[in-house]
Amino acid sequence: MSSRASLQKSLGIGLTLGVTLLWLMGVIASGLVAQHEMNEVFDSALEETAQRILPLAVTDILNRENRASNLRAPALKEHDEYLTYLVRDGEGNLLLQSHDANPGDFRSHPSEGFSNTPSHRIYGVSAVSETIYLEIAEPLAHRREAALEAGVALLLPLFLLIPVSFLGVWWIVRFTLRQVVEFQKSIESRGAGDLSPVATDRLPVEFEPIATAVNQLLERLHRALESERSFTANSAHELRTPLATALAKVQRLKGQMDGDPLKKTVIQIEDALRSLSTLSGKLLELAKAEGGGAIAQNPQNLVPILEMVVKDFASQAQGRIVLSLPDNAVDSFLDPDTFAILVRNLIENAIKHGDPAQLIEISMHDNGTLKVCNGGGIVSPAQLDLLRNRFVRSTTGASGSGLGLAIADAIAKGAGMTLHLRSPARERQDGFEAEINLRNRQ
Ligand SMILES: Nc1ncnc2c1ncn2[C@@H]1O[C@H](COP(=O)(O)OP(=O)(O)OP(=O)(O)O)[C@@H](O)[C@H]1O
Ligand SMILES: [Mg+2]
């Protein structure tokens, strides 16, 4: 698994956690404020109630004939009491109580003002020169329940807020990054030959330096490749004439040296000059193949080109070539001259490196597949992978520079096609096979 984080995921999770945390802090702060305000309202209600009941209770007690009678105020209707009260004298003797009141909820001696017992909030008020005290009690649980309900009400939106915020952030990041994704795709989809600058105008500002750096890199790469190609092409081109002149002079010298013991050396020089001349020709082909231009404006039938190239090799192959052509034209965007270079290199290889006792099968199918197949020793898979590199050769008795397959591969890549190399050839135990589909372009 990749350890690199996705920007979309990190921002989605980070921002949602941030929003949740801030909301929780907001809930706690508003809960505390609400609790404080509720306490004030409850206290004021407690005070108000006590002061309303006190005159009634005092009148009731003073009008009694016997002070000890009627201790419990009757309930007019059956109900639960949130507020209970006791009326006591200064020593704490009970004079009157509400019907649900429990003296255990109050302190042993009455006093004025607000106070708390473990379970109740008490407010006391006195009358008749502090001989009669009325205390009113409210359960603390009642207040806690109210605070809890307010807290839960504030927390509930979180359950909706978390997924909505996550999806919202996810969508916004995705929407903002779509230009970056397009930028990435435009770089990815480029073939090796496309080094033109990538479009940067619609990218978010933060990504512009990256795009500029990529474009600068592409430009430097383009310049480096271009100078390498033009150097190869120029040197190969410049070498041609002096090589041809030297070869002609050596051949003339050879003709004048009948019976001379130095003739063998002159022949060796002639061979060396000839292979140098071939090498400069191949270098020129490689420079052209890597320089692009493998694609033609319009598709053209490549069957006649194949026939022509095969005919050129007829004398060299001494009747070993078996050519099978398609019934219909094979139209391809591959430039015909470039196609001729490709086929020439593949057929030359089959003649040079294949078993001279076996046939060379060259076939082109209606679906655009071209195959060049010859008998001979097997090239190991490890070597096979390297043969497309320049100057790489496998075990072979034939002379060469190791450029033929590099040229063929560069042409295929330049045209967006794939050159497949196989050894042993398909449906054979040995030999070598090169295959390319001239219609399939990536
Ligand atoms: N048809 C083939 N059969 C067997 N071996 C092959 C065949 N084609 C290529 N090879 C092996 O791959 C190597 C590279 O081929 P490539 O065409 O690149 O170079 P070359 O033929 O040796 O030299 P050049 O093509 O530059 O004259 C060859 O040296 C040979 O070992
Ligand atoms: Mg070759």
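Residues numbered from 1 in each chain as written. Chains lettered and ligands numbered in written order. Predicted model: local features only at pLDDT ≥ 70, side-chain atom pairs only at ≥ 80, totals over all residues. Heavy atoms only, no water.

Novice: Please provide a residue-by-residue account of the site of ligand 1, values included.
Specialist: Contacts to ligand 1 come from 19 residues, most closely from Asn349, His353, Asn374, Arg393 and Ser401. In the model, a nitrogen atom of ligand 1 is placed 2.7 Å from a nitrogen or oxygen of the Asn374 side chain. Contact between ligand 1 and Gly404: an oxygen atom at 3.1 Å from a main-chain N or O atom of the residue. Out of a free accessible area of 590 Å², ligand 1 has 97% covered by protein chains. In terms of residue count, the dominant contributor to the shell around ligand 1 is helix α6 (residues 336-353) (five residues). (Near = heavy atom within 4 Å. Polar contact = N/O pair within 3.5 Å; in protein donor to acceptor, adjacent residues only side chain to side chain. Areas by Shrake-Rupley, 256 points an atom, 1.4 Å probe, with all protein chains shown as cover. Helix = DSSP H or I, 4+ residues; strand = E, 2+ residues; numbered from the N terminus.)

Novice: Provide a residue-level description of the domain arrangement of the chain, including the pertinent values.
Specialist: Domain annotation of the chain identifies domain 1 (7-145), domain 2 (190-291) and domain 3 (293-437). Distance from the C-alpha centre of domain 1 to the C-alpha centre of domain 2: 100 Å. (Domains from an automatic or database assignment.)

Novice: Can you lay out the pairing of strand β9 (residues 360-364) for me, pointing to particular residues and giving the numbers?
Specialist: Counted residue by residue, β9 has four buried out of five residues, so it is predominantly covered. Pairing of strand β7 (residues 321-324) with β9 involves four bridges; the strand directions are parallel. Residue Ser324 lies in a different strand from β9, and its bridge partner there is Ser363. Between β9 and strand β10 (residues 369-374), which pair antiparallel one after the other, the connecting turn spans four residues, and Gly368 there sits at a positive phi close to 100°. (Buried < 20%, exposed > 50% of the residue type's maximum accessible area, 1.4 Å probe, protein only. Pairing = 2+ DSSP bridges.)

Novice: Go over the packing of helix α4 (residues 263-290) against helix α8 (residues 404-414) with me, naming the residues and quoting the values.
Specialist: Helices that pack against each other are described as a pair by the angle of their axes relative to one another and the distance between those axes. Axis separation between α4 and α8 bottoms out at 8 Å; the angle between their running directions is 20°. The angle between α4 and α8 places the two elements in the roughly parallel class. Where α4 crosses over α8, the two elements pack in a sense that is left-handed. Note on element contacts: α8 touches α4 through Gly404, Ala406, Ile407, Ala410 and Ile411, opposite Lys282, Glu285, Leu286, Ala289 and Glu290. Of the residues that constitute the contact of α4 with α8, the class distribution is six nonpolar, one polar and three charged. (Axes fitted to C-alpha atoms, helices over the stretch in contact; angles between N-to-C directions. Parallel < 35°, antiparallel > 145°, perpendicular 65-115°, else oblique. Left-handed = near helix turned anticlockwise from the far one by under 90°. Contact = heavy atoms within 4.5 Å. Nonpolar A, V, L, I, M, F, W, Y, C, P; charged D, E, K, R; others polar.)

Novice: Describe the nonpolar core, naming the residues involved and giving the relevant values.
Specialist: Ranked by internal contacts, the top residues of the largest apolar core, which has 47 residues, are Leu334, Phe339, Ile347, Ile362 and Leu438. Among the secondary structure elements, those contributing two or more residues to this core are α4, α5 (303-317), α6, β9, β10, α8, β11 (419-422) and β12 (432-437). The element contributing the most residues to this core is α6, with nine residues. Each residue touching Phe339, except ones within four places of it in the same chain, is listed here: Leu302, Ile305, Leu306, Leu334, Met364, Leu370 and Leu438. (Core = buried A, V, L, I, M, F, W, Y, C linked by side-chain atoms within 4.5 Å.)

Novice: Give a description of the pattern of salt bridges that names residues and reports values.
Specialist: All chains considered together, the criterion is met by 22 salt bridges. Between Arg143 and Glu138 there is a salt bridge whose closest N-O contact spans 3.0 Å. Neither Arg143 nor Glu138 differs from the other in exposure class; each is buried. A salt bridge links Glu270 to Arg274, with the nearest nitrogen and oxygen atoms 2.8 Å apart. Highlighted residues: Glu270 and Arg274, both in helix α4, separated by four residues, approximately one helical turn. For Glu270, a relative accessible area of 3% translates into the label buried. (Salt bridge = Lys/Arg side-chain N within 4 Å of Asp/Glu carboxyl O.)

Novice: I'd like a description of α8, backed by residues and values.
Specialist: Counting buried residues in α8 gives nine out of 11 residues, a clear majority hidden from the surface. Its buried side turned inward, α8 meets α4, β8 (331-334), α6, β11 and β12. Remark: Gly416 follows α8 within two positions and exhibits a positive phi of approximately 75°.

Novice: Any details on the sheet that holds strand β3 (residues 113-116)? Residues and values, ideally.
Specialist: Sheet strands pair via backbone hydrogen bonds, and the direction of the pair is either parallel or antiparallel. Taken in spatial order, the five strands make up an open sheet running β2-β1-β5-β4-β3, and their pairing is antiparallel. In the strand order of this sheet, the two ends are held by β2 (94-97) and β3, each with one partner. Taking each pair of neighbouring strands and ignoring which way they run, the sheet shows an average axis angle of 25°. Where strand β4 (residues 120-127) and strand β5 (residues 132-139) come together, eight bridges link them in antiparallel fashion. Bridge pairing in β5 links Arg121 to Glu138. Across the sheet, helix α2 (residues 140-188) is in contact with β4 and β5; its angle to β5 comes to roughly 35°.

Novice: Provide a residue-level description of the UniProt feature "transmembrane region" (unreviewed entry) in the chain, including the pertinent values.
Specialist: On the UniProt side, "transmembrane region" (unreviewed entry) is annotated at positions that read residues 12-34 and 152-173 here. Secondary structure content for residues 12-34 is 100% helix and 0% strand, while the C-alpha to C-alpha distance between its ends is 32 Å. End-to-end, the C-alpha atoms of residues 152-173 are 32 Å apart, and along that stretch the chain is 100% helix and 0% strand. (UniProt positions renumbered as here; feature names shortened; annotations may be inferred.)

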